[in-house]
Amino acid sequence: MSVTIDDVAKHAGVSTATVSRYLNNSPLIAKKSAEKVQRSMEALNYQPSFVARSLANHSTSTIAFIIDSTNTETYGNDYFLRIQYGMEAALAKQGYYLLIISVSNDKTGEHNLRKLVMERRVEGIILPMALAKKSILAMLREAELPFVVIGKSQNRDYNWIDLDNEMGGRLATQKLLKSGSKRVVFISSSLEKSFVCERLAGYRAALEQSGLTYEDKLVLLGSLSAEDGAKAVQNILSEQGNVDGIVCTDNAVAFGVVRALQEANRAVPQQIQVITFDNTPISELSTPKLSAVDIDVFQLGRQAANILLSSIEDASNSVQNSLIQVSIVSRESTR
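All figures in this text were calculated on a predicted structure; none of them were measured in a lab. (Residues numbered from 1 in each chain as written. Predicted model: local features only at pLDDT ≥ 70, side-chain atom pairs only at ≥ 80, totals over all residues. Heavy atoms only, no water.)

Colleague: Let's hear about the sheet that holds strand β10 (residues 291-294): which residues, and what values?
Modeller: Taken together, six strands build an open sheet; the order of strands is β7-β6-β8-β9-β10-β12 and the sheet is mixed. One side of each edge strand has no neighbouring strand; the edge strands of this open sheet are β7 (219-220) and β12 (327-329). Taken strand by strand, helix α11 (residues 251-263) contacts β6 (184-187), β8 (245-248) and β9 (273-277), and its axis lies near 165 degrees from that of β9. (Pairing = 2+ DSSP bridges. Helix = DSSP H or I, 4+ residues; strand = E, 2+ residues; numbered from the N terminus. Contact = heavy atoms within 4.5 Å. Axes fitted to C-alpha atoms, helices over the stretch in contact; angles between N-to-C directions.)

The following block contains the structure:
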């Protein structure tokens, strides 16, 4: 038979109420009584029921990370996994669990999220900017459930955190310009993604700061894979033959860019420099090795969790808006 709270109380010579106070970290329990309960729990190998404690404390010790089920890029994405790992690292230290919940980015998904919130199954929520609609934010505020949004916002009346993508675009472009490039192409996916817009803004700012003119034709969008990167190079060489620098916002795309340049007998970095975003292993597996903007998404996840825990601990804490700085890792693809 499993050991019960009554068994612990009898073994320790205290009341069941005292054992309950110990399990709930009550300040009312005397130090000597707490020591007796702890010794008895160890002697009897008593394991508290998580469900029972949750009901007693009105706490689940669970944080929900909401993801968009309609976004196929999320699943299996290393970027997402490292954010998740950062969250788990921070939450585990404080005795919390991370629950991954996938919802559709529509009314059905919003209904399911509302049900989760109203039933108080979690202590707080972390969600991406893509799901942070006005109706959802209003619902979370109404329920007084702490939350953090991952993504930069102009709105400063709720918690949000993001990488400084504009800084990344600026530093990447400056890296190429300072090492001799005069005509730099920007290759990315879609301006529907806020982080792409921010990195493009940084690219544009770096050009203007160097006295160079921004040209729409040097911005190539729609690249998601190595094959797309190779096609972009074909476009560059046929339409923009005097390009001597390329900023890619994705490692796979950059890998395709470098391969296509080599096949076209364009030396990297001697003739054309290439820099990418996200300092992952693929950056070092490329030949030549890719210079990269180092974006610490593990830290992004960890800080998002810490901001949320701070709000849970004290609802009166001020709203936090944070941008995590990025840096350049120089390798062989730049001079």
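Colleague: Describe the nonpolar core, naming the residues involved and giving the relevant values.
Modeller: With 61 residues, the main nonpolar core has F65, I150, I187, Y203, I246, V257 and V274 as its most contacted residues. If you tally residues by element for this core, the top one is helix α13 (residues 297-313), at seven residues. If we ignore the near neighbours within four places in the chain, the residues touching F65 are F80, I83, M87, L98, L99, I100, I101, I126 and I150. L113, L116, V117 and L131 belong to the second largest nonpolar core, which has 22 residues in total. (Core = buried A, V, L, I, M, F, W, Y, C linked by side-chain atoms within 4.5 Å. Buried < 20%, exposed > 50% of the residue type's maximum accessible area, 1.4 Å probe, protein only.)

Colleague: Lay out the pairing of β10 with the relevant residues and their values.
Modeller: One ladder, built from three bridges, connects β9 with β10; its direction is parallel. Pairing of I275 across the sheet is with S291, part of β10. The pairing of β10 with β12 spans three bridges and is antiparallel. If you follow A292 over to β12, its bridge partner there is V329.

Colleague: Outline helix α7 (residues 134-142), listing residues and values.
Modeller: Along α7, the residues that are buried comprise I136, L137, M139 and L140. Each buried residue of α7 sits inside an arc of 160 degrees when the element is viewed along its axis, so together they form one side. Exposed residues pointing more than 90 degrees away from the buried face of α7 are listed as K134 and E142. Considering only its buried residues, α7 is in contact with α6 (107-118), β3 (124-128) and β4 (147-150). One or two steps after α7, the chain reaches E144, where phi turns positive at roughly 55 degrees. (Arc of directions from axis to C-beta.)

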